[in-house]
Amino acid sequence: MRHTIDDLMNFLEESHSPFHSVASARARLDEAGFQSLEECGVWALKAGKNYYTTRNQSSIIAFRMPSAPLTGWRMTASHSDSPSYRIKLEAQPDKNASGLTRVWVEGYGGMIAGSWLDRPLSAAGRVLVDAEDGLQSRLVYFDRDLLVIPSLAIHMDRTINSSRELNPKRDMQPIFGGEGCPDLKKLLAEELGVTPEQILGADLTLCPRQKPVLLGAEQEFICSPRLDDLECAWGTFQGFLDVLPPAGVAAVWCMFDNEEVGSGTRQGAVSTFLPDVMARMESALSVSPEQHYAALANSLLMSADNAHAIHPNYADKADPVSPVKVNGGIVLKYNASQKYTTTALTGTLLTQLCKRADVPVQVFTNRADMPGGSTLGNLLSAQVSVPMMDVGLPQLAMHACVETAGSKDPDYLFRASRSFYEAEITCIADGSYRVN
């Protein structure tokens, strides 16, 4: 169990941005013997072999080619991005009467803004460099305390504890130096060993400097940035790597970017990324149209994105019918408006698989008067029409700069994902399945 948590914490610490999350996954896939493929190249896939490919360097799909004629797909999906602040590299640092230098940022996703105040921050992401052999993408992370977004003193706003409304333009711009400090592009150039003129563009995000930690009387909690959704990305990834699927099943693991802003990008879940990979796999396997449709109907996809645990200070916010507890097991998510894809059928199938793996299962539903969010499943269903279920791990402070979850739950998701990938599940007829 300690090894499990240590590995998760390493993954969280390495994943300063979506680009770094993908780089970390790539390194692990390389170590496991998976072959890297470029979308712009011609693929020569072979039955029984393992591969991965990336898009925009911020989304990744890994897959195992079936060793027998294709009978179905077993897939999981998570996301690499988290709510944060994107840095406007081209904007000049602002020097006002304070004599301090600011960097301009814009909000990405629905974050809890106040949680970003008064804590050491850094910057991470991708930088485009003009190199001798053409345009190159390089990852960057300033491994030092570089920026901070300071609060206004209570003496200047006596209502700050009763009615604080944070304006993104006025209140959430970070400082990173005094008068005469170098601009951010110069710092990037120094970090990468190039000249400022060689930097042609960048995708940079603010990131908290806090490392993942275990806390609590018995270390029963994990406190870390980016738990939503890297915790689920890690759990499904470990399950995918740990087992071989049944011979005719194509196993796929996806980690998409841009879920926090609707997924409607070339590298998001609504894109053609997953269908494109599936089509190229089928082409290599010489799958006929009839085999294609039969295999889709005999498939399952598990969308994995963290779930809301019941908050001890706000227990009334949870649905009393189905309170979700930290360290209580994985969470099956249901929604009457179909924001989550779990049905009685897919939920029952996963519950049976979890029972075999000795994994406790909790159920999440929204309080009837509180609309919930959506996630990857219902977006993916527009691109890949297969039976799905939405799962997650219980957490507190979702979308905060630093979030809290249970230290036992990641192992539950790993074991549930392993059971999901290795089980023989056959669709006998619409609504009828055999699980071996």
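One can find the structure itself at the top, above this paragraph.
## Some remarks on the overall build of the protein chain
Here's step 1: A tally of regular secondary structure across the protein chain gives 10 helices and 24 strands.
Here's step 2: For 436 residues, the compact-globule formula gives about 22 Å, and the C-alpha radius of gyration of the protein chain, at 23 Å, lands near that figure.
Here's step 3: Reported as C-alpha extents along the three principal axes, the dimensions of the protein chain are approximately 75 × 60 × 40 Å.
Here's step 4: When burial is assessed residue by residue, the protein chain has 53% of its 436 residues classed as buried.
Here's step 5: Of the roughly 19100 Å² of accessible surface on the protein chain, a fraction of 50% belongs to carbon and sulfur atoms.
Here's step 6: Each charge class in the protein chain can be summarised by its mean position, and for the 38 positive and 51 negative side chains these summaries are 1 Å apart.

## Details of the sheet that holds strand 11 (residues 175-178)
Here's step 1: Reading across the sheet, the three strands line up as 6-7-11 and stay open at both edges, with antiparallel pairing between neighbours. Because the sheet does not close on itself, it has two edges, and the strands there are strand 6 (94-95) and strand 11.
Here's step 2: When strand 6 meets strand 7 (residues 100-102), the two strands line up antiparallel, connected through two bridges. What sits directly across from Lys95, in strand 7, is Thr101.

## Digging into the pairing of strand 9 (residues 121-131)
One face of the sheet, then the other: side chains in a regular strand alternate in exactly this way.
Here's step 1: Of all 11 residues in strand 9, 10 are buried; the element is thus mostly enclosed.
Here's step 2: Here strand 9 hands over to strand 10 (residues 134-141) after two residues, the two strands then running antiparallel side by side.

## Topic: the pattern of salt bridges
Here's step 1: Taken as a whole and judged by the stated rule, the model has 13 salt bridges.
Here's step 2: Its salt-bridge partner being Asp7, residue Arg28 comes within 3.0 Å of it at the nearest N-O pair. One end of the pair, Arg28, is in helix 2 (residues 18-31); the other, Asp7, is in helix 1 (residues 2-14), with 21 residues separating them in the sequence.
Here's step 3: Residue Arg55 is joined to Asp276 by a salt bridge in which the shortest nitrogen-to-oxygen separation is 3.1 Å. Of this pair, Arg55 sits in strand 2 (residues 50-55) while Asp276 sits in helix 6 (residues 273-284), and the two are 221 residues apart along the sequence.
Here's step 4: For Arg55, a relative accessible area of 5% corresponds to the buried category.
Here's step 5: Linked through salt bridges whose partners overlap, the residues forming this network are Glu39, Arg55, Arg266 and Asp276.

## Observations concerning helix 4 (residues 184-192)
Here's step 1: If you check which residues of helix 4 are buried, you get Leu184, Leu187, Leu188, Ala189 and Leu192.
Here's step 2: For helix 4, the capping residue at the N-terminal end is Asp183, with a side-chain oxygen 3.3 Å from the backbone nitrogen of Lys185.
Here's step 3: Two residues or fewer after helix 4 comes Gly193, characterised by a positive phi angle close to 70 degrees.

## Here's the deal with the side chain of Arg55
Here's step 1: Within the structure, Arg55 has its side chain in polar contact with the side chain of Asp276 (distance 3.1 Å).
Here's step 2: Look past the residues within four positions of Arg55 in its chain and what remains in contact with it is Glu39, Arg266, Gln267, Ser271, Thr272, Phe273 and Asp276.

## Thoughts on the side chain of Asn258
Here's step 1: With respect to the secondary-structure elements, Asn258 resides in the loop between strand 15 (249-256) and helix 6.
Here's step 2: Here the side chain of Asn258 touches Tyr108 through a polar contact of 3.1 Å, side chain to side chain.
Here's step 3: Separated by 2.9 Å, the side chains of Asn258 and Gln267 make a polar contact.
Here's step 4: Residues in contact with Asn258, not counting those within four places in the same chain, are Asp81, Tyr108, Ser263, Thr265 and Gln267.

## A short note on the nonpolar core
Side chains that are nonpolar tend, in soluble globular proteins, to be buried together.
Here's step 1: Trp253, Ile330 and Leu350 are the most contacted members of the largest nonpolar core, which has 50 residues in total.
Here's step 2: Among the elements that make up this core, the one with the highest residue count is helix 5 (residues 227-242) (seven residues).
Here's step 3: Contacts of Leu350, omitting those with residues within four sequence positions, involve Met302, Ile330, Leu332, Met389, Val391 and Phe420.
Here's step 4: One finds Leu89, Phe176, Leu188 and Cys401 within the second-largest nonpolar core, a separate group that totals 33 residues.

## Observations concerning the environment of Thr4
Here's step 1: Following the sequence through the fold, Thr4 ends up in helix 1.
Here's step 2: On a C-alpha basis, the gap between Thr4 and Arg26 in space is 19 Å, while along the polypeptide they are 22 residues apart.
Here's step 3: In contact with Thr4, other than residues within four places in its own chain, are Trp234 and Asp411.

What counts and what doesn't
- Residues numbered from 1 in each chain as written.
- Predicted model: local features only at pLDDT ≥ 70, side-chain atom pairs only at ≥ 80, totals over all residues.
- Heavy atoms only, no water.
- Helix = DSSP H or I, 4+ residues; strand = E, 2+ residues; numbered from the N terminus.
- Rg over C-alpha atoms; globule rule 2.2 N^0.38 Å.
- Buried < 20%, exposed > 50% of the residue type's maximum accessible area, 1.4 Å probe, protein only.
- Areas by Shrake-Rupley, 256 points an atom, 1.4 Å probe, with all protein chains shown as cover.
- Lys, Arg positive; Asp, Glu negative; His and termini not counted.
- Charge placed at Lys NZ, Arg CZ, Asp CG, Glu CD.
- Pairing = 2+ DSSP bridges.
- Salt bridge = Lys/Arg side-chain N within 4 Å of Asp/Glu carboxyl O.
- Polar contact = N/O pair within 3.5 Å; in protein donor to acceptor, adjacent residues only side chain to side chain.
- Contact = heavy atoms within 4.5 Å.
- Core = buried A, V, L, I, M, F, W, Y, C linked by side-chain atoms within 4.5 Å.

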